[in-house]
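Summary of structural features
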Amino acid sequence: MRTLWRMIAGLFRWTWRVLNFIREFILNLFLIFLILVGVGIWLQVSGSGNSTPVQQGALKVDLTGVLVDKPSVSNRLSKLGRQLLGASSDRLQENSLFDVVDAIRQAKSDKNITGMVLDLRDFAGGDQPSLQYVGKALREFRDSGKPVFALGDSYSQAQYYLASYASKIYLSPQGTVDLHGFATNGLYYKTLLDKLKVNSHVFRVGTYKSAVEPFLRDDMSQAARDADSRWVGQLWQNYLNTVAANRQITPNQLFPGAAAIIAGLQAVGGDTAQYALNNKLVDVLDSRAAADKELVKTFGWDKASNDYHSVSIYDYNVKQPTHQDGNIAVIMASGAIMDGEETPGNVGGDTTASQIRDARLDAKIKAIILRVNSPGGSVTASEAIREELAAAHAAGKPVVVSMGGMAASGGYWISTPADYIVANPSTLTGSIGIFGVINTLENSLDSIGVHTDGVATSPLADVASTKALPAEVQQLMQLTIENGYRNFVGLVAASRHKTPEEIDAIAQGHVWTGTDAKANGLVDALGDFDDAVKKAGELAKVAHPELTWYQDQPGVFDMLLGQVSASAQALLPSALKAWLPAPAVDMAEALKQQPGLLNTLNDPQNRYAFCLNCGKVR
């Protein structure tokens, strides 16, 4: 018996030692990995940022993912991940709009860059003002006399927008240029809430404030349909005008309508590539191998890479500005506006207000540019930002707002103290209105035999998501919302030198494009970020504007964790990614965008100036 116990005990000891060895081995490997990545990050962050010489050849604009004003993860860390880990393409990667434009503009004057290749197969797009700003830089590059080639097996609408700036567009003989127009689609779940016995108490002001309609309806109201049709149609027309001008054809030739496209495809036997060539959407139908031969003739052969001489835009080192003591502050408000500190993809009211205050108190800063790309959000957070911007204005520092793809609702609220507002013709702005949503679950709980009861000193204190909302609280909420709307209209009227009645006539939650906003007096000029910089310099009487970008820099540990997470996702095998339920992910993302349903917004008074439909153009 003792022998048996010794054998069992020995087996356990041996197993424990093996498990302990495996645990320590894995931990040591992980520690080495963290050290390597940490050292790489430190070298990348602390590096001088000077451009290293590149062999003469093309700048390959092989963008992966989407264009945004402010990426959630530093572009330098993404570059490091590719260098250290060989991370694969990720269509969800975020690229800084301003970094991309800076790289193209530097390459324009770089003697080692003799041309450009747009390889956009992994580019997922961006809002139209962002695409137009990149297109402006591409036009400058091409006008410098350097050729621009676009390669594509097929082109999505966003990819083709940038490709249209090329000197020559190649398309695979089996490819297509997918032009179909724009549309908006949102989820409506009144019936779902009824089935779940959830009571949605909605408080709003504004005929066109459609952000709350998903709680009240199963479809879009006619007023919202008419309003959205207007601005979606204008965005599409802006797209057609720009691309048609680039291709030197008419907008109707670019997109003659569904019936004419079908007829044209029937004439060529359904050959989408031949249709694109016949209608001058592309210049050459040829394989990528054949296109590479011309690129080799133009840029030379690189034996090291077995390809034409080129440098990826991700590997092309852009000289970073050395003037940390610039005279123009740039502060970013990119994403939904939330109370508290900034989180990735969102605007933190406290964080942004603090950055504005720092710029206001910095004697070297002569003017402030607030870059707004936001559908709005919390009224409380928006007001905190607006107050700090108004204080900067009162201190004598000119404030210029540069609007990106969206500056609607709360995004427009924070813009009101500006001395000057610059919007892109395709910016979505306005949406001047306020709403509140409180969901209660008393009927849901009642159906399963759960009840809530208690005592309160006042009906105003008797508020809980598990019981009916008192009538007095509902009246109080509506009064608060109406007061907030009057304040919103009053702020806009005072800043735009109009009467409240004049602003109310164009408010009511109505969304406007930048073109309409200019006609209605909501913005001062149509242009881009460059125009905002120029105006800030003029107002501040600064002959040579030098920008200081106010952005919270994550610590090394935060950056390390962020890069490890991003790299781990990127390194997932394609076969595993294919098993991920994309439709379920899309639905979850759509639900997350619905205000209030999943408590994604956190205003302490449940008041929101938010444009739900502004970011849903597809």
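Here's what I pulled together on the structure shown here.

Each value, and the rule that gives it
Residues numbered from 1 in each chain as written. Predicted model: local features only at pLDDT ≥ 70, side-chain atom pairs only at ≥ 80, totals over all residues. Heavy atoms only, no water. Helix = DSSP H or I, 4+ residues; strand = E, 2+ residues; numbered from the N terminus. Contact = heavy atoms within 4.5 Å. Areas by Shrake-Rupley, 256 points an atom, 1.4 Å probe, with all protein chains shown as cover. 1 Å grid on protein atoms, 1.4 Å probe; cavity = no way out; pocket = protein on both sides within 12 Å on 5 of 7 lines; lining within 4 Å. Points joined across faces, edges and corners; volume = space filled by probe spheres on them. Nonpolar A, V, L, I, M, F, W, Y, C, P; charged D, E, K, R; others polar. Buried < 20%, exposed > 50% of the residue type's maximum accessible area, 1.4 Å probe, protein only. Pairing = 2+ DSSP bridges. Polar contact = N/O pair within 3.5 Å; in protein donor to acceptor, adjacent residues only side chain to side chain. Axes fitted to C-alpha atoms, helices over the stretch in contact; angles between N-to-C directions. Salt bridge = Lys/Arg side-chain N within 4 Å of Asp/Glu carboxyl O. Phe/Tyr/Trp six-rings, centres within 6.5 Å; stacked < 30°, edge-to-face > 60°. Lys NZ or Arg CZ within 6 Å of the ring centre and 35° of its normal.

What follows covers the overall build of the chain. Across its full length, the chain holds 23 helices and 25 strands. Sequence separation of at least 24 residues holds for 77% of the intrachain contacts in the chain that already meet a minimum separation of 6. Element-wise, carbon and sulfur atoms account for 56% of the exposed surface of the chain, whose accessible area totals about 29400 Å².

In total, this model carries three cavities of 30 Å³ or more according to the counting rule given. Each pocket or cavity is described by its volume, and for the second largest cavity that value is around 60 Å³. Residues that form the lining of the second largest cavity fall into these classes: five nonpolar, three polar and two charged.

Of all the seven residues making up strand E4 (residues 113-119), six are buried; the element is thus mostly covered by neighbouring parts of the structure. In the sheet, strand E1 (residues 57-61) pairs with E4 via five bridges, with the strands oriented parallel. Bridged to alanine 58 within E4 is glycine 115. With four bridges connecting them, E4 and strand E6 (residues 148-151) associate as parallel partners. Following the sheet pairing, methionine 116 is matched in E6 by valine 148.

This next bit is on the side chain of lysine 70. Mapped onto the secondary structure, lysine 70 falls in the loop between strand E2 (65-68) and helix H2 (75-85). At 2.9 Å, the side chain of lysine 70 and the side chain of glutamate 342 are in polar contact. Beyond its immediate chain neighbours, meaning those up to four positions away, lysine 70 contacts Glu94, Met332, Ser334, Glu342 and Gln551.

Bringing the sheet that holds strand E5 (residues 123-125) into the picture now. Reading across the sheet, the three strands line up as E3-E2-E5 and stay open at both edges, with parallel pairing between neighbours. Sheet topology places strand E3 (94-96) and E5 at the edges, where each strand pairs with a single neighbour. Between one strand axis and the next, the sheet turns by 40 degrees as a mean value, whatever way the strands run. Two elements, E2 and E3, share three bridges in a ladder whose sense is parallel. Across the sheet, valine 68 pairs through a bridge with serine 96, a residue of E3. In the packing of helix H3 (residues 97-109) onto the sheet, contacts are made with E2 and E3, and the angle to E3 comes to roughly 55 degrees.

The subject of this paragraph is the environment of glycine 181. Mapped onto the elements, glycine 181 comes out in the loop between strand E7 (168-171) and helix H6 (190-195). Since its relative accessible area comes to 7%, glycine 181 is described here as buried. In this structure the C-alpha to C-alpha distance between glycine 181 and tyrosine 239, which are 58 residues apart in sequence, comes to 9.2 Å.

Time to look at the pattern of salt bridges. Tallied over the full model, the rule gives 20 salt bridges. A salt bridge links glutamate 140 to arginine 105; the shortest N-O distance between them is 2.9 Å. On the criterion of sequence distance, the pair formed by glutamate 140 in helix H4 (residues 128-143) and arginine 105 in helix H3 is long-range, its members being 35 residues apart. One salt-bridge network, held together by shared partners, links Arg105, Lys136, Glu140, Asp528 and Asp530.

To continue, consider the packing of aromatic side chains. The final tally for this structure, using the stated rule, is 15 aromatic pairs. Look at phenylalanine 182 and tyrosine 239: their rings are 5.9 Å apart centre to centre, the planes differ by 80 degrees, and that puts the pair in the edge-to-face class. Of the two residues, phenylalanine 182 is situated in the loop between E7 and H6 and tyrosine 239 in helix H8 (residues 222-247); the sequence distance between them amounts to 57 residues. With a relative accessible area of 22%, phenylalanine 182 lands in the partly exposed category. Residue tyrosine 239 is classed as buried on the basis of its relative accessible area of 2%. The interplanar angle of 15 degrees and the centroid separation of 5.1 Å between the aromatic rings of tryptophan 236 and tyrosine 239 together place this pair among those described as stacked. Of this pair, tryptophan 236 and tyrosine 239 both sit in helix H8, separated by three residues, roughly a single helical turn. Of the residues examined, tryptophan 236 reaches a relative accessible area of 13% and is grouped as buried. Within the aromatic cluster, the residues linked to one another by ring pairs are Tyr161, Tyr165, Phe182, Trp236, Tyr239 and Phe255. Sitting over the face of the ring of tyrosine 420, lysine 535 holds its NZ or CZ atom 4.5 Å from the ring centroid.

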